[in-house]
Amino acid sequence: MSAIWMPAAWASRIRGDDNMIREEIKHYVNELHWHLPEETQQDAINWLVANMPLNQLASVFPTYGKSYWQNSVKVVMEIGYPYNIAAFPNMVELFQDLNWPGAEDAVQYFQTLEKQIVTPFLEGGGKQAMIEQDEQWLWFLYAVCERFQMDRADFRDGTVFDAMEETYARDA
């Protein structure tokens, strides 16, 4: 059986072995900050879309501030499915509060994908929210599920959906 051919640049991005310096990635992620000039932000988005190793895509969501997340979601969206799937858990983490920067864009992006692609990530977020006993996250996850017209049957583990639904019903 022969290997599938792809351009060398794409192969290195998928493997993440293109010897990119971590400091360069950090530099461009830091330039996603919403208080920087729009041109600087857009240059950073463009660079990350073109150069970010796909197996490191989650690092485009810095944990040190919400002021980057709106642009982080833009990077993920521009890379496109299926190449951006490594960042889906980070996008689901934004659903801890749908008022957070980037959360609404993430919801809208997920709505462009098929339900069976998104559901495992919502379910994973629900499981994590249950472990952390984060009822706000469960509430918002259920709100997202409602927008996607999901129900218990869409989940492998229906108890996750039940926990989200119960939290939502109690606090609605």
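Residues numbered from 1 in each chain as written. Predicted model: local features only at pLDDT ≥ 70, side-chain atom pairs only at ≥ 80, totals over all residues. Heavy atoms only, no water.

*Asks:* Quick question: what am I supposed to make of helix H6 (residues 103–111) here?
*Replies:* Each α-helix turn comprises 3.6 residues. Residues three or four places apart therefore point the same way. Among the residues of H6, Ala103, Ala106, Val107, Tyr109 and Phe110 are the ones counted as buried. One side of H6 holds all its buried residues, which, seen down the axis, span an arc of 165 degrees. Looking at the buried side of H6, the elements it contacts are helix H4 (69–79), helix H5 (88–93), helix H7 (115–132) and helix H8 (135–147). (Buried < 20%, exposed > 50% of the residue type's maximum accessible area, 1.4 Å probe, protein only. Helix = DSSP H or I, 4+ residues; strand = E, 2+ residues; numbered from the N terminus. Arc of directions from axis to C-beta. Contact = heavy atoms within 4.5 Å.)

*Asks:* So what exactly am I meant to see when it comes to the side chain of Asn71 here?
*Replies:* Along the chain, the position of Asn71 falls in helix H4. Within the local environment of Asn71, its side chain forms a polar contact with the backbone oxygen of Leu32, the two atoms lying 2.6 Å apart. In this view, Asn71 contacts Leu32, Gln41 and Ile45; residues no more than four positions away in its chain are not counted. (Polar contact = N/O pair within 3.5 Å; in protein donor to acceptor, adjacent residues only side chain to side chain.)

*Asks:* Sorry, what's going on with the pattern of salt bridges here?
*Replies:* Opposite charge on two side chains allows them to pair when their charged atoms are near. Counted under the stated rule, the structure contains 6 salt bridges. Ionic pairing is found between Asp154 and Lys115, a salt bridge with its closest N-O pair at 3.7 Å. Note that Asp154 is positioned in the loop between H8 and helix H9 (158–171) and Lys115 in helix H7, a separation of 39 residues in sequence. Note that Arg152 is salt-bridged to Asp162, the shortest N-O span being 2.8 Å. Residue Arg152 is found in the loop between H8 and H9, and its partner Asp162 is found in helix H9; the two are separated by 10 residues along the sequence. The exposure class of Arg152 is partly exposed, given its relative accessible area of 42%. One network of salt bridges, in which partners are shared, links Glu135, Arg170 and Asp171. (Salt bridge = Lys/Arg side-chain N within 4 Å of Asp/Glu carboxyl O.)

*Asks:* Looking at this structure, I do not really get the packing of aromatic side chains. What am I missing?
*Replies:* Two descriptors summarise a pair of aromatic rings, namely the distance from one centre to the other and the angle between the planes of the rings. Counted under the stated rule, the structure contains 14 aromatic pairs. Geometrically, the ring pair formed by Tyr142 and Phe161 is tilted, given 5.5 Å between the ring centres and 55 degrees between the ring planes. Of this pair, Tyr142 sits in helix H8 while Phe161 sits in helix H9, and the two are 19 residues apart along the sequence. In this pair, the class of Tyr142 matches that of Phe161, namely buried. Members of the aromatic cluster, each reached through a chain of ring pairs, are Tyr81, Phe88, Phe95, Tyr109, Phe110 and Phe121. (Phe/Tyr/Trp six-rings, centres within 6.5 Å; stacked < 30°, edge-to-face > 60°.)

*Asks:* What should I look at first to understand the side chain of Asp97 in this one?
*Replies:* Within the secondary structure, Asp97 is located in the loop between H5 and H6. Although Asp97 lies buried, it forms no salt bridge, and the closest oppositely charged side chain, Lys66, sits 5.9 Å away as judged by the N-O distance. A distance of 2.8 Å separates a polar atom in the side chain of Asp97 from the backbone nitrogen of Asn99. Residue contacts for Asp97: discarding those within four places in its chain leaves Ala103, Gln136 and Phe140. (Lys, Arg positive; Asp, Glu negative; His and termini not counted.)

*Asks:* Which parts of the structure should I look at to understand the packing of H8 against H9?
*Replies:* The angle between the axes and the distance between the axes are what describe a pair of packed helices. Across the interface, H8 lies against H9 with an axial gap of 8 Å and an inter-helix angle of 100 degrees. Compared by their axis directions, H8 and H9 come out roughly perpendicular. Along its contact with H8, which presents Glu135, Leu138, Trp139, Leu141, Tyr142, Ala143, Cys145 and Glu146, the element H9 presents Phe161, Ala163, Met164, Glu165, Thr167, Tyr168, Arg170 and Asp171. In terms of residue class, the contact of H8 with H9 is made up of 10 nonpolar, 1 polar and 5 charged. (Axes fitted to C-alpha atoms, helices over the stretch in contact; angles between N-to-C directions. Parallel < 35°, antiparallel > 145°, perpendicular 65-115°, else oblique. Nonpolar A, V, L, I, M, F, W, Y, C, P; charged D, E, K, R; others polar.)

*Asks:* Please explain the confidence of the model for the chain as it appears in this structure.
*Replies:* Low pLDDT means the predicted atomic positions in that stretch should not be read closely. Counting all residues, the mean pLDDT for the chain is 90, and 87% of those residues have values of 70 or more. With pLDDT under 50 throughout, residues 1–7 is counted as low confidence; its partners more than four residues away or in other chains account for 2 contacts. (pLDDT = per-residue confidence, 0-100.)

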